Amino acid sequence: MTESLTFLHTADLHLGAPFRGLAKVSPAWAARLVQAIAEAFDRVIDTAVSRKVDFVVVSGDVFDESRASYGDYLRFFEGMRTLGKAGIPVYLITGNHDPYTSWQQSAFSLPENVHMLPADRPGFQLFRRNGKPLCIIGGRGYYNQSWPIDECIADGITRDAALAALQQREPDVAQAPFAIGMLHTGLNLDPVKAPVNPSVLLSAGMDYWACGHIHMRYIHPGEDGPRIAFSGCIQGRDIKETGPRGAQLVTLSEGAVPQLEFIPTASVVWQRLRVDVSDCTTLPEISDLIIRELFRANGKAHCEEMISRIALTGTTALHEVLSRPDVLEDLRKHVNDSYASFFCDTMVDETQEPRDKQALREEGLFPALFLRVAETQRSLPEEQIAFLQQEFLDRGLQMPSSCAGKVGKLSEQAEDLVLDMLSQGEER
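First things first, this report covers the structure right here in the doc. (Residues numbered from 1 in each chain as written. Predicted model: local features only at pLDDT ≥ 70, side-chain atom pairs only at ≥ 80, totals over all residues. Heavy atoms only, no water.)

### Brief notes about the overall build of the chain
The criterion, for reference: Secondary structure is summarised from DSSP: a helix means a run of H or I of at least four residues, a strand means a run of E of at least two, and numbering begins at the N terminus for each. Burial classes: relative accessible area under 20% of the type maximum marks a residue as buried, over 50% as exposed, and values in between as partly exposed (1.4 Å probe, protein chains only). Contacts between residues were defined by any pair of non-hydrogen atoms, one from each residue, lying within 4.5 Å. For every accessible area listed, the method is Shrake-Rupley and the probe measures 1.4 Å; residues are considered covered only by the protein chains on display. Think of it this way: Lys and Arg go in the positive column, Asp and Glu in the negative one, and His and the chain ends go nowhere. One atom stands in for each charge, and that atom is NZ of Lys, CZ of Arg, CG of Asp or CD of Glu.
Along the chain, the regular secondary structure elements total 13 helices and 15 strands. Every one of the 428 residues in the chain was classed for burial, and the buried ones make up 48%. For the chain, the share of sequence-separated contacts (at least 6 apart) that also reach a separation of at least 24 residues comes to 71%. Total accessible area on the chain stands at roughly 21,100 Å², and carbon and sulfur atoms take up 51% of it. The averaged location of the 58 negative side-chain charges in the chain is 5 Å from the averaged location of its 41 positive side-chain charges.

### Remarks on the pattern of salt bridges
Note the threshold: Just to be clear on terms, a salt bridge is a Lys or Arg side-chain nitrogen sitting within 4 Å of an Asp or Glu carboxyl oxygen.
Counting across every chain of the model gives 20 salt bridges. For Glu329, the salt bridge identified is with Arg332, shortest N-O distance 2.8 Å. On the criterion of helical spacing, the pair formed by Glu329 and Arg332 is a turn pair, its members being three residues apart in helix α8 (residues 325-338). You can call Glu329 partly exposed: its relative accessible area is 29%.

### Section: helix α6 (residues 283-301)
Threshold: Multiplying one less than the number of residues by 1.5 Å gives the expected span of a helix.
Between its first and last C-alpha atoms α6 spans 27 Å; for 19 residues at 1.5 Å apiece the expected length is 27 Å, and the two agree. Within the sequence span of α6, burial applies to Ile286, Ser287, Leu289, Ile290, Ile291, Glu293, Leu294, Ala297, Asn298 and Ala301. On its buried face, α6 is in contact with β13 (268-276), β14 (305-313), α7 (319-322), α8 and β15 (342-349). Downstream of α6 by a residue or two, His302 has a phi angle that is positive, lying close to 55°.

### Things to note about the sheet that holds β13
The following threshold applies: Two strands qualify as a pair provided DSSP detects at least 2 bridges between them. Simply put, an axis is a line fit to the C-alpha atoms, just over the touching stretch for a helix, and the angle between two N-to-C directions goes from 0 to 180 degrees.
Ordered by their spatial adjacency, three strands build an open sheet running β13-β14-β15, and the pairing between neighbours is parallel. A strand with exactly one partner marks an edge of an open sheet, and here the two such strands are β13 and β15. Direction aside, neighbouring strands of the sheet carry axes that sit 20° apart on average. Where β14 meets β15, seven bridges bridge the pair, whose relative direction is parallel. From the neighbouring strand, Ile310 faces β15, where its bridge partner is Met347. Packed onto the sheet, α8 meets β14 and β15 and runs at close to 160° relative to β15.

### Digging into the environment of Arg245
Here is the rule we go by: As used in this structure description, the phrase polar contact means that two N or O atoms lie within 3.5 Å; if the pair is within protein, one of them must be able to donate a hydrogen and the other to accept it, and residues adjacent in sequence are counted only when both atoms belong to side chains.
Along the chain, Arg245 turns up in the loop between β10 (228-230) and β11 (246-253). Among residues more than four places away in sequence, those in contact with Arg245 are His215, Met216, Cys233, Ile234, Gln235, Gly236, Phe262, Ile263, Pro264, Thr265 and Ala266. A polar contact of 2.7 Å, which involves the side chain of Arg245, links it to the backbone oxygen of Thr242.

### Considerations on the pairing of strand β7 (residues 178-184)
Across a regular strand the side chains alternate sides, sitting on one face of the sheet and then on the other. Convention followed: Note on handedness: a crossover is taken as right-handed if, strands pointing away from the viewer, the path from the first strand over the helix to the second is clockwise.
Across the seven residues that make up β7, a large majority, seven, are buried. Residues of β7 alternate between two faces, with Phe178, Ile180, Met182 and His184 on one and Ala179, Gly181 and Leu183 on the opposite face, all of them buried. Pairing of strand β6 (residues 132-140) with β7 involves six bridges; the strand directions are parallel. If you follow Gly139 over to β7, its bridge partner there is Met182. As for the winding sense of the linkage, the β-α-β connection from β6 through helix α4 (residues 159-166) to β7 is right-handed.

### Regarding the packing of aromatic side chains
For clarity, the threshold we go by: Geometry of aromatic contacts follows a simple scheme: Phe, Tyr and Trp rings, the Trp one being its six-membered ring, pair when their centres are within 6.5 Å, and the pair is stacked under 30 degrees between planes, edge-to-face over 60, tilted otherwise.
Inspection of every chain in the model, using the stated rule, returns 19 aromatic pairs. Here the aromatic rings of Phe295 and Phe342 are separated by 5.0 Å at their centres, their planes lie at 75°, and the arrangement is edge-to-face. Here Phe295 is found in helix α6, whereas its partner Phe342 is found in strand β15, with 47 residues between them in sequence. On the accessibility criterion, Phe342 (5% relative accessible area) is buried. Pairwise contacts between aromatic rings join Phe41, Phe63, Tyr73, Phe76, Phe77 and Trp103 into one cluster.

### Quick look at unusual backbone geometry
The phi dihedral of Asp61 is positive, around 60°, even though this residue is not glycine. According to the relative accessible area criterion, Asp61 is buried, its value standing at 1%. Residues other than glycine seldom take positive phi values, yet His213 does so here, at roughly 110°. Within the element layout of this structure, His213 appears in the loop between β8 (208-212) and β9 (218-219).

### So, the sheet that holds strand β2 (residues 55-59)
The mixed open sheet is built from six strands, whose spatial order is β4-β3-β2-β1-β11-β12. Every interior strand has two partners, whereas the edge strands, β4 (114-116) and β12 (259-264), have only one. Neighbour-to-neighbour, the strand axes of this sheet turn through a mean angle of 20°, independent of strand direction. Across six bridges, strand β1 (residues 4-10) lies against β11 in antiparallel orientation. Across the sheet, residue Leu5 finds its bridge partner in β11, namely Leu252. Lying over the sheet, helix α1 (residues 27-50) contacts β1, β2 and β12, oriented at roughly 175° with respect to β1.

### A closer look at the pairing of β6
With eight of its nine residues buried, β6 lies for the most part within the structure. Bridge count between strand β5 (residues 123-129) and β6: seven bridges; the pairing is antiparallel. Across the sheet, residue Gly123 finds its bridge partner in β6, namely Gly139.

### Let's talk about the nonpolar core
Buried together is how nonpolar side chains tend to be arranged in soluble globular proteins. What counts here: To form a nonpolar core, buried Ala, Val, Leu, Ile, Met, Phe, Trp, Tyr and Cys residues must be joined to one another through side-chain atoms within 4.5 Å.
In this structure, Leu8, Val56, Val62 and Phe76 are the most contacted members of the largest nonpolar core, which totals 41 residues. Every element with two or more residues in this core is listed here: α1, β2, α2 (70-85), β3 (90-93), β11 and β13. If we ignore the near neighbours within four places in the chain, the residues touching Val56 are Leu8, Thr10, Ala48, Leu83, Ile88, Pro89, Val90 and Tyr91. Counting 26 residues, the second largest nonpolar core, distinct from the first, contains Ile136, Ile157, Ala176 and Leu201.

The structure is reproduced here in structure tokens:
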């Protein structure tokens, strides 16, 4: 009979984390977000209990600060006790936000069902089900808030090392069919925070690596299934953390690739929306379209409430009207007043005025000359990139690598901006 087990992989809870950028716009929504992380954590606990998982792994950054508040400690430990009452063990490593040294200063003692792996060396635990060895858990946390760049945080965390370390106190450890690793790491996505070459992890003999630190859900591609994964943070905190956030339900079965199921936990999801208003002829039509797009995005995000930043795009005769800040602000307020579950904190106009560029060329006036020069410049992308690089250097800045790939789009935007300015000048 083949064995299998199911566990919940979570990380980057960041209990107590502040939300920035909304207080000046909406005190009510800023206050709402204070509760969002706590609610997301409660969903993690509820999921583990309702899905009757074998155990839970927390891959670092339980708290947002090294000295968490008394209330945040209480909430976390109450969640751990809830899991303990359900007979669910928890395996924990520390992250750079809540390093091992900060836990040593805590006045709390970990509940019996919670096992923290060490940070000054690799640590290993053995999970048993009904007395039978089922899974080796190995990992290492952050000792303080930084990791030495010349040391690999994954050194010594292998299945063979686990067998050797556990053999004395767990003589039957070799019978365990599964082994998982836990790390708080940048992997090859963040070169600063304890980076690890994925090949090091894939050669360690582990069936699955439960990673933390990268706040987005990420599964490292591999020929033999998803063996390295980040569950992401449980609740987005700003517009940089858009889309659904949650935890990972992992099922391991002998002779099969790991099966992963994403469990949404965020009650408030951040979204960036681009709404093409080309077919709208009135402002009420634009408002209705925005609300329809909000509902569409909300349906895909698996959340109760949503904060969005909206860019209006497309070619429209309403471009001149939308370019007025007071109109955009009124439109934003109308959208926010329509549905209490949606909040738009910023709305910007990226529309274009309808124009016949061919007719401008045929007129032979200054716009025609400008368009010819612009077309010539676009045909020489190397010169455009060199010009951009020099502009950054003149200001003592390094040009982002992404600019080189966007030079064509930037040129088109610059062309439209100049034509807009020429058109507005004629109207004046």
